[in-house]
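So the chains spell out like this:
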Amino acid sequence: MNQLPVTLAEAESRAADCVKLLRELVEIESPTGDEGANLEVAKVLEREINDAGGQVERFPAPGLGAHLIGRFDGTANNGLAPMLLLGHMDTVHNVGTLDRLPFSIRKGRIYGPGTYDMKAGVATSLLALRLLAEKGSGPASDLSFLVTCDEERGSPDSRALIESEARLSRAAVVVEPSVPGGAAKCRRKGVGAYELSVEGKPAHAGIEPERGASAVHELAKQITRVCGLASAEAGTTINVGVVAGGTRENVVAELAHCTIDLRFWTKAEAERVDAALHEVRAFDDQCTLSVAGGINRWALEETAESARLFRAARSIASGLGFEIGSGESGGASDANIAAAVGCPTLDGLGPDGDGAHTLDEYILLDDLPRRIALMAALFETL
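Residues numbered from 1 in each chain as written. Predicted model: local features only at pLDDT ≥ 70, side-chain atom pairs only at ≥ 80, totals over all residues. Heavy atoms only, no water.

Caption draft 1: Spotlight on helix α7 (residues 215-227). Here α7 is 13 residues long and its end C-alpha atoms lie 18 Å apart, about the 18 Å a rise of 1.5 Å per residue gives. The set of residues buried in α7 consists of A215, E218, L219, Q222, I223 and V226. Projection of α7 onto a plane perpendicular to its axis shows the buried side chains occupying an angular sector of 145°, all on one side. Away from its buried face by more than 90 degrees, α7 exposes H217 and T224. Looking at the buried side of α7, the elements it contacts are β9 (190-199), β11 (237-245), β13 (255-264), α8 (267-278) and β14 (288-297). (Helix = DSSP H or I, 4+ residues; strand = E, 2+ residues; numbered from the N terminus. Expected span 1.5 Å × (residues − 1). Buried < 20%, exposed > 50% of the residue type's maximum accessible area, 1.4 Å probe, protein only. Arc of directions from axis to C-beta. Contact = heavy atoms within 4.5 Å.)

Caption draft 2: Up close: the environment of A338. By secondary structure assignment, the location of A338 is in helix α10 (residues 334-340). The class for A338 is buried, based on a relative accessible area of 0%. Residues contacting A338, with those up to four places away along its chain left out, are L86, I162, A166, A172, C343 and T345.

Caption draft 3: Geometry of the packing of helix α2 (residues 15-26) against helix α3 (residues 35-51). The geometry of α2 relative to α3 is characterised by a closest axis approach of 9 Å and an angle of 155° between their N-to-C directions. By the criterion of interaxial angle, the relationship of α2 to α3 is roughly antiparallel. Relative to α3, the crossing made by α2 is left-handed. Here α2 contributes L21, E24 and L25 to the contact with α3, which in turn contributes V41, V44, L45, R47 and E48. (Axes fitted to C-alpha atoms, helices over the stretch in contact; angles between N-to-C directions. Parallel < 35°, antiparallel > 145°, perpendicular 65-115°, else oblique. Left-handed = near helix turned anticlockwise from the far one by under 90°.)

Caption draft 4: A look at the side chain of T124. Along the chain, T124 falls in helix α5 (residues 115-134). The exposure class assigned to T124 is buried, which follows from its relative accessible area of 0%. Here G121 takes part through its backbone oxygen, which lies 3.1 Å from a polar atom of the side chain of T124. Not counting chain neighbours up to four residues away, the residues in contact with T124 comprise C18, P351, L368, R371 and I372. (Polar contact = N/O pair within 3.5 Å; in protein donor to acceptor, adjacent residues only side chain to side chain.)

Caption draft 5: Examining the sheet that holds strand β4 (residues 104-106) more closely. The sheet built from four strands is open, its strands ordered β4-β5-β18-β17 with antiparallel pairing. Bordering the open sheet on either side are β4 and β17 (353-354), each of which pairs with just one other strand. Sheet analysis places β4 next to strand β5 (residues 109-111), joined by three bridges and oriented antiparallel. Looking across to β5, one finds that S104 is bridged to Y111. The sheet strands contacting α5 are β5, β17 and β18 (362-364), and the helix crosses β18 at an angle near 50°. (Pairing = 2+ DSSP bridges.)

Caption draft 6: Quick look at the packing of α5 against helix α11 (residues 368-381). One can describe the packing of α5 onto α11 by two numbers: an axis separation of 8 Å at closest approach and a directional angle of 60°. Judged by the inter-axis angle, α5 sits oblique to α11. Relative to α11, α5 is oriented so that their crossing is right-handed. Along the contact surface, α5 presents T124, S125, L127, A128, L129, L131 and L132, while α11 presents L368, R371, I372, M375, A376, F379 and E380. Across the contact of α5 with α11, the residue classes tally to 10 nonpolar, two polar and two charged. (Nonpolar A, V, L, I, M, F, W, Y, C, P; charged D, E, K, R; others polar.)

Right under this line is the structure:
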């Protein structure tokens with residue numbers, strides 16, 4: 001391929017700067033919903049976006065923090081629609097996790113809450129943009145770097161912003177962590193979230209149980225039916241995660257409910273299960289059922305255009321001397337949201353590592369320069 005805009009040696013010369021920025025981000029613990037902490041991270045990101053030559057737009061998210069968009073002007077004057085770069089600043093780790101998982105570098109690994117998911121992806125992207133700017137270059141076409149503060153909660157506040165930016169963009173790349181081993185995430189399962197509630201008739205369990213209709217017994221039968229909607233062949237899974245009901249052991253339960261988590265690879269599977277869940281009927285006609293919820297994120301399905309993005313990333317990586325495979329994930333991300341509005345999307349371009357959402361979370365130190373150079377080339381060539 002043509003000469004890469006940033007050599008691996010140049011990226012390696014900025015690895016220490018990337019580690020410094022990553023440490024600053026990680027040591028501001030920013031669980032979703034901690035408004036002050038996420039605003040502190042946003043301050044750091046604003047500084048870095050400005051230093052890389054971008055203009056910052058801030059979108060307040062009361063109770064959560066703020067979403068940021070860094071706008072970078074294209075250098076090629078090619079008239080193409082912007083490229084969208086997606087990341088998030090929030091993590092699943094509560095404040096105080098640093099006491100149990102301090103930022104540290106051990107045996108070629110960088111540990112710390114949020115390193116892998118996904119502050120390293122944000123840091124390497126910013127270093128790539130800064131390095132391009134220092135070389136008098138930049139993204140070929142306009143680039144919008146959207147960093148949200150509510151992704152780990154399902155992006156309830158930022159969803160409309162993601163959809164709006166994705167509709168305006170010709171492609172989206174997402175710097176969520178790569179699959180352990182370094183592969184990009186070319187497919188992600190979609191997610192549905194539901195609550196099934198049952199209203200029965202209370203009665204004394206010893207004196208006149210026949211006058212009642214147990215919501216708990218009805219729910220037990222419904223759970224068996226619901227779980228039967230899963231399909232191992234299609235990769236569709238259903239998990240009943242929370243079950244509650246009844247008041248006392250000697251009372252026929254009047255109320256019961258459960259939560260249902262649905263994961264799927266295709267829109268057809270999502271629609272099949274969603275329709276079945278909303279059409280449930282009671283086994284006991286004295287009980288009343290209600291179902292709330294629906295599809296939260298459609299699946300990230302591989303398309304011809306998203307496959308083209310992957311081939312471009314793989315070719316660049318090869319030119320830098322490493323391989324990027326094609327992977328998939330059972331979890332969802334903001335990539336699902338961008339893809340659902342028709343924007344070709346490639347996910348999982350963040351540094352290699354493992355342990356997302358655990359007390360063993362880490363990234364590989366020697367992958368940082370590779371990802372900086374990769375992202376710089378994607379920005380300048382896509």
